[in-house]
Amino acid sequence: MKRTTVSAEHPFDQAVALAPVAITAHEHGREAARHWQGQTHPDYMNMVGPFGGVIAAQAMNAILQHPELLGEPVSFTANFAAAVQAGGFRAQARPVRTNRSTQHWQVTLSQTNSEGVDSVVLTATAVTAKRRQTWSAVDAVMPDVPRPATVARAVQPKHMAWVRRYDTRPCAGEVPTEWNGTEADSVTQLWMRDDPPRPLDFCSLTALADVFYPRVWRRRAFMTPVGTVSMTVYFHASAAELAATGTDYLLGQARAQSFFNGFFDQSAELWNESGHLLATTHQIVYFKE
């Protein structure tokens, strides 16, 4: 896989940048683990801590930068173990099993608290693979929506920095304008891309999979506190297809299946403007009553 050379100018590339950390002789035998130092970015802060999508992208980048990487991402799951604090973090990525055409990964992100204690804030697993040309088909149907140029850009709240780093254009299921408990369906359809525009790659696609606002807010128009517990992205495109998408918009459609005793799920699809299904994603999210 050809690694993408990131641009130092774009805020997203600054946010996911990782600097290699030298490992001790004692660590050399630990199944090719590699360590990096990262830093949260002020442009991607949420109400509490950083935007989860960019945290997941940082973990993805630890895999993509590993010198023993085989193939391209097929699946990626991030488990948010604790709130990430603004500041530095340490990433560790390890290929735990390499087969002829697939590779299995474990990633951890950790931070040191004010008392000097290290703790894990994210765990992740992933599968990369060397794909081969085969018969392919897509059963999912891309929603029929207006083109992005004809859809007004969403008005973004000023108290969350990360939303200003995305150009989102809702076609259906916008954020409620009145928080009055009114119930509705949980579906949202919107065009999305990085702002400023940035060529699509696996890191940015991972983050874009988390752009949707919480389904429980749409379903009930009640702004309850929420937090993603686990997020999975399945990739249905190669690096070449992502590169061909370039800086075009992606169409995202998200919905929930169930809200039960403090947790709800979210399923979503992301298409490019040419109609290629690039990724599907699933989350389980905590909400507070």
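Residues numbered from 1 in each chain as written. Predicted model: local features only at pLDDT ≥ 70, side-chain atom pairs only at ≥ 80, totals over all residues. Heavy atoms only, no water.

Caption draft 1: Here's a closer look at the overall build of the protein chain. The number of helices and strands found in the protein chain is five helices and 13 strands. Its C-alpha atoms put the protein chain at 60 × 50 × 40 Å along the principal axes. A separation of at least 24 residues holds for 71% of the contacts in the protein chain among residues at least 6 apart in sequence. Considering the protein chain, the positive charge centre built from 25 side chains and the negative charge centre built from 26 side chains are found 4 Å apart. (Helix = DSSP H or I, 4+ residues; strand = E, 2+ residues; numbered from the N terminus. Contact = heavy atoms within 4.5 Å. Lys, Arg positive; Asp, Glu negative; His and termini not counted. Charge placed at Lys NZ, Arg CZ, Asp CG, Glu CD.)

Caption draft 2: Just the confidence of the model for the protein chain, in detail. When pLDDT is averaged across the protein chain, the result is 93; 94% of the residues are at 70 or more. Every residue in residues 1-7 is under pLDDT 50, and counting partners more than four places away or in other chains gives 14 contacts. (pLDDT = per-residue confidence, 0-100.)

Caption draft 3: Here's a closer look at the packing of aromatic side chains. On inspection of all chains with the given rule, the structure shows 10 aromatic pairs. Note on F264 and F287: the rings are 6.0 Å apart at their centroids and 45° apart in plane angle, and the pair reads as tilted. You can see F264 sitting in strand β12 (residues 263-272) and its partner F287 sitting in strand β13 (residues 277-287), a full 23 residues away along the chain. Summarising the burial analysis for this pair, F264 and F287 share the class buried. (Phe/Tyr/Trp six-rings, centres within 6.5 Å; stacked < 30°, edge-to-face > 60°. Buried < 20%, exposed > 50% of the residue type's maximum accessible area, 1.4 Å probe, protein only.)

Caption draft 4: Examining the nonpolar core more closely. Counting 57 residues, the largest nonpolar core has F12, F76, L109, Y166 and L205 as the members making the most contacts within it. Sort the elements by how many residues they give to this core and helix α2 (residues 52-64) lands first, with nine residues. Core analysis: the second largest hydrophobic core is formed by seven residues, V145, V151, Y249 and W271 among them. (Core = buried A, V, L, I, M, F, W, Y, C linked by side-chain atoms within 4.5 Å.)

Caption draft 5: Here's a closer look at a nonpolar patch on the surface. Side chains of V229, F263, I284 and Y286 sit close together on the surface and give an oily, nonpolar patch of about 300 Å² of accessible area. Within the secondary structure, V229 is located in strand β9 (residues 226-235). When its relative accessible area of 32% is taken as the criterion, V229 is described as partly exposed. (Patch = residues over 30% accessible without salt bridge, like charges linked within 9 Å, V, L, I, M, F, W, Y side chains within 5 Å. Areas by Shrake-Rupley, 256 points an atom, 1.4 Å probe, with all protein chains shown as cover. Salt bridge = Lys/Arg side-chain N within 4 Å of Asp/Glu carboxyl O.)

Caption draft 6: Representation of the pattern of salt bridges. With the rule as written, the count across this model stands at 12 salt bridges. Between R219 and E183 there is a salt bridge, with its nearest N and O atoms 3.0 Å apart. Of this pair, R219 sits in helix α4 (residues 215-220) while E183 sits in the loop between β7 (166-172) and β8 (188-194), placing them 36 residues apart in sequence. Its salt-bridge partner being E269, residue R255 comes within 2.9 Å of it at the nearest N-O pair. Placement of R255 in strand β10 (residues 250-255) and of E269 in strand β12 is noted, with a sequence separation of 14 residues between them.

Caption draft 7: Molecular detail of α2. For α2, built from 13 residues, the straight-helix expectation of 18 Å at 1.5 Å per residue is met to within 8% by its first-to-last C-alpha distance of 18 Å. Among the 13 residues in α2, 13 count as buried, and that is most of the element. (Expected span 1.5 Å × (residues − 1).)

Caption draft 8: The UniProt feature "domain: Acyl-CoA thioesterase-like C-terminal" (unreviewed entry) in the protein chain, seen in detail. Residues annotated by UniProt as "domain: Acyl-CoA thioesterase-like C-terminal" (unreviewed entry) correspond here to residues 156-286. Secondary structure across residues 156-286 comprises 15% helix and 40% strand; the distance between its end C-alpha atoms is 23 Å. (UniProt positions renumbered as here; feature names shortened; annotations may be inferred.)

Caption draft 9: Structural detail: unusual backbone geometry. P196 follows D195 through a cis peptide bond whose omega is 0°. The residue P196 is located in the loop between β8 and α3 (202-208) in this model. Despite not being glycine, A221 has its phi angle at roughly 50°, a positive value. Assignment of secondary structure puts A221 in the loop between α4 and β9. One non-glycine residue, N261, lies in the positive phi region at around 45°. Looking at the element boundaries, N261 is found in the loop between β11 (259-260) and β12.

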